[in-house]
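So the chains spell out like this:
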Amino acid sequence: MSEQKRPYRMKRRAELEEQTRKRITESAVSLHEERGPARTPISAVAERAGVRRSTVYRHFPDEAALFAACSSHWRAANPVPDPRAWAAIEDPGERTETALRELYAFYARTEAMYTSLLRDEPVVPIVHRLLGDFYGYLRAIQDLLMTGRRLRGRAARRTHAAVGHALAFPTWRSLTREQGLADADAVALMCALVERSS
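A quick note: this is a predicted structure, and the numbers were derived from the prediction, not measured. (Residues numbered from 1 in each chain as written. Predicted model: local features only at pLDDT ≥ 70, side-chain atom pairs only at ≥ 80, totals over all residues. Heavy atoms only, no water.)

This part covers helix α6 (residues 92–120). Along its 29 residues, α6 runs just 35 Å from first to last C-alpha, ending more than 12% under the 42 Å computed at 1.5 Å per residue. The sharpest bend along α6 measures roughly 80° and falls at threonine 110. (Helix = DSSP H or I, 4+ residues; strand = E, 2+ residues; numbered from the N terminus. Expected span 1.5 Å × (residues − 1). Bend = angle between axes of the 7 residues up to and from the residue.)

As structure tokens, this is what we get:
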């Protein structure tokens, strides 16, 4: 083999390996969304990706490695709303309404994945660990939405709880899917709950 052909073949092989890794990752993400992690064996990921189980394990030697890749891939395609813009809104009620409107739109776009993840969280420990970052994100928003309310004691605790309840995915899902509210009505209802809790 000539010295010129070797770098080309090595580069081509690396590109094919990266394509295979991406196909496996995307297959796992779509199966996690459709079935949930608890119902997604490696054999199903391999079949969806069009590779052998051994190929999946070559790229992802354990469940943690595959989940980390899936999580990074999915988060890059579905970024959470950025709360930094909300911090600039002085009025707590307006800030809460803006945050809920953007968060509920995010939930609508990502409903299938969060439904699967939350259903499987109690039985798949790695899902619980990965969702920890999302729960931390929601707690940070909860604190942000309490800023400027000037509440103390029981009123502060009630309002803090109302904000946390309003931010939760199961609350959005209950209001919009089970009770049939439009997102705008769900936002208005939760804003009213928060304001009256003080």
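A separate point is the pattern of salt bridges. One pass over the structure, following the stated rule, counts nine salt bridges. For the salt bridge of glutamate 111 with arginine 177, the shortest nitrogen-to-oxygen distance reads 2.9 Å. Separated by 66 residues along the polypeptide, glutamate 111 in helix α6 and arginine 177 in helix α9 (residues 169–178) bring together distant segments of the chain. By relative accessible area, which is 17% here, glutamate 111 ends up buried. Of the charged contacts in the structure, one is a salt bridge between arginine 149 and glutamate 195, with a shortest N-O distance of 3.1 Å. Note that arginine 149 is positioned in the loop between α7 (125–146) and α8 (153–167) and glutamate 195 in helix α10 (residues 183–196), a separation of 46 residues in sequence. We classify arginine 149 as buried; its relative accessible area is 13%. Judged by its relative accessible area of 40%, glutamate 195 is partly exposed. By sharing partners, the salt bridges in this structure join Glu111, Arg173 and Arg177 into a single network. (Salt bridge = Lys/Arg side-chain N within 4 Å of Asp/Glu carboxyl O. Buried < 20%, exposed > 50% of the residue type's maximum accessible area, 1.4 Å probe, protein only.)

This part is about the confidence of the model for the protein. Predicted confidence across the protein gives a mean pLDDT of 92, with 95% of residues reaching 70 or more. No element of the protein has a lower mean pLDDT than helix α1 (residues 5–34), which averages 83, and none a higher one than α9, which averages 98. (pLDDT = per-residue confidence, 0-100.)

Another aspect to go through is the packing of helix α4 (residues 63–77) against α7. Taken N-terminus to C-terminus, the directions of α4 and α7 make an angle of 40°; their axes are 11 Å apart at the nearest point. Like other packed secondary-structure pairs, α4 and α7 cross with a definite hand, here right-handed. Facing α4, whose interface residues are Glu63, Ala64, Phe67 and Ser71, α7 presents Ile126, Val127 and Leu130. (Axes fitted to C-alpha atoms, helices over the stretch in contact; angles between N-to-C directions. Left-handed = near helix turned anticlockwise from the far one by under 90°. Contact = heavy atoms within 4.5 Å.)

Looking now at the nonpolar core. Formed by 50 residues in total, the largest nonpolar core has its most connected members in Ile24, Leu100, Tyr104, Tyr107, Leu138 and Leu167. Elements with a contribution of two residues or more to this core: α1, α2 (42–49), α4, α6, α7, α8, α9 and α10. With 10 residues, α7 is the largest single contributor of residues to this core. Other than its neighbours up to four places away in sequence, leucine 167 contacts Leu100, Leu103, Tyr107, Leu138, Ile141, Gln142 and Leu145. (Core = buried A, V, L, I, M, F, W, Y, C linked by side-chain atoms within 4.5 Å.)

A few words on the environment of glutamine 142. Mapped onto the elements of the fold, glutamine 142 is located in helix α7. Among the residues examined, glutamine 142 registers a relative accessible area of 12% and is labelled buried. The contact partners of glutamine 142, leaving out residues within four places of it in the chain, are His160, Ala161, Val163, Gly164 and Leu167. Within the local environment of glutamine 142, its side chain forms a polar contact with the backbone oxygen of histidine 160, the two atoms lying 2.7 Å apart. (Polar contact = N/O pair within 3.5 Å; in protein donor to acceptor, adjacent residues only side chain to side chain.)

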